[in-house]
Amino acid sequence: MPLDVCQLPLVGGHPALDLVNTLERGGESPHDFLTDSSALLRWSARVGVVTDAEVDQVGRAWRDEPAAAHAGLAAVRDIREGLHLVLLAAITDADCGTAGDPIAAGAALVALHQRWSGAAVRARFVLDSSQVRMVYGTVPAMLVPDRIAEAALDVMLTADLTRVRRCPVLEGGCGWLFLDQSRNGSRRWCRMADCGNAVKARRLTERRRAARPTNS
Ligand SMILES: [Zn+2]
């Protein structure tokens, strides 16, 4: 049985990257951990995109208007896909050299801009102790997709995209994306304790098997 979305390890280093990792793309049938709007809402609270008080507001709005819940989930999945394409195209790592598609990434940027524009229309400027902030998510039914659009914008414009890595699929890793925040930029695996060690163990078994005398 697949994990609940709230049991997924958060390895991205940014909520927008953790969002990208909520879709398991490997294997024959991809698995989407954002199974429904309720899973999306729980995950959003877990990564801090919405507060507990906002969870109640959104929950009420989505119960009153199920179509808005479906639209919210669809919008988030759309942002997730667009961001994945953009980040793959930005990754310069050798393993991902062929993974990024600049044309798909260009189209994804247009779609992401549209999502963000909608979120910006619903946002408000707020004066907060001598500082003006832009607050996204003033409409409860659209709060979650608007905050996700904000997070996507934040990672695209403020993160160092040369530090985005993909857990190396060609070497047996899982393909999750993460921001490498190690000092020398040498992090290779999403989690050493998981993918890194699993691949090492597999290699060791292969080496032992190769070293074993054959009885042919
Ligand atoms: Zn991995």
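Residues numbered from 1 in each chain as written. Predicted model: local features only at pLDDT ≥ 70, side-chain atom pairs only at ≥ 80, totals over all residues.

- Named according to an unreviewed UniProt entry, the chain is Zinc finger CGNR domain-containing protein originating from Micromonospora arida.

Quick look at the environment of Ala 67
So, point 1. Tracing the sequence through the fold places Ala 67 in helix H4 (residues 66-90).
So, point 2. Owing to 9 C-beta atoms within 10 Å, Ala 67 belongs among the exposed residues under this scheme. (Helix = DSSP H or I, 4+ residues; strand = E, 2+ residues; numbered from the N terminus. Buried ≥ 20, exposed ≤ 12 C-beta atoms within 10 Å, placed from the backbone.)

Some remarks on the pairing of strand S3 (residues 124-128)
The two faces of a sheet get side chains in turn, since along a regular strand they alternate between them.
So, point 1. Here S3 lies mainly on the outside; 0 of its 5 residues are buried.
So, point 2. Looking at chain direction, S3 and strand S4 (residues 131-135) are connected through 5 bridges and run antiparallel. Across the sheet, residue Asp 128 finds its bridge partner in S4, namely Gln 131.
So, point 3. The hairpin formed by S3 and S4 contains 2 residues between the paired strands, and Ser 129 there has a positive phi angle of roughly 35°. (Pairing = 2+ DSSP bridges.)

Comments concerning the packing of H4 against helix H5 (residues 102-122)
So, point 1. With their axes 8 Å apart at the nearest point, H4 and H5 run at an angle of 140° to one another. Accordingly, the angle class assigned to the pair H4 and H5 is oblique. Seen along the crossing, H4 lies across H5 with a hand that is left-handed. Within the contact between the two elements, H4 uses Ala 75, Asp 78, Ile 79, Gly 82, Leu 83, Leu 85, Val 86 and Ala 89 and H5 uses Pro 102, Ala 104, Ala 105, Ala 108, Leu 109, Ala 111, Leu 112 and Arg 115.
So, point 2. Across the contact of H4 with H5, the residue classes break down as 13 nonpolar, 1 polar and 2 charged. (Axes fitted to C-alpha atoms, helices over the stretch in contact; angles between N-to-C directions. Parallel < 35°, antiparallel > 145°, perpendicular 65-115°, else oblique. Left-handed = near helix turned anticlockwise from the far one by under 90°. Contact = placed C-beta atoms within 7 Å. Nonpolar A, V, L, I, M, F, W, Y, C, P; charged D, E, K, R; others polar.)

A word on the nonpolar core
So, point 1. Residues Ile 148 and Ala 152 are the most contacted members of the largest nonpolar core, which totals 48 residues.
So, point 2. Counting only elements with at least two residues in this core, the list comes to helix H1 (15-20), helix H2 (37-46), helix H3 (52-64), H4, H5, helix H6 (143-158) and strand S6 (177-179).
So, point 3. The leading source of residues in this core is H4, at 11 residues.
So, point 4. Beyond its immediate sequence surroundings of up to four residues, Ala 152 is in contact with Ala 16, Ile 79, Leu 83 and Leu 112. (Core = buried A, V, L, I, M, F, W, Y, C linked by C-beta atoms within 7 Å.)

Here we look at the environment of Arg 46
So, point 1. If you trace the backbone, Arg 46 turns up in helix H2.
So, point 2. A tally of 16 C-beta atoms within 10 Å means that Arg 46 is categorised as partly exposed.
So, point 3. Sequence separation between Arg 46 and Leu 112 is 66 residues; the distance between their C-alpha atoms is 23 Å.

Quick word on the packing of H4 against H6
So, point 1. It is the contact of H4 with H6, at a shortest axis distance of 9 Å, that shows an interaxial angle of 10°. Overall, the two elements H4 and H6 adopt an arrangement that is roughly parallel. Only Val 144, Pro 145, Ile 148, Ala 149, Ala 152 and Met 156 of H6 make contact with H4, whose side of the interface consists of Gly 72, Ala 75, Val 76, Ile 79, Leu 83 and Val 86.
So, point 2. Its residues assigned to classes, the contact of H4 with H6 shows 11 nonpolar, 1 polar and no charged.

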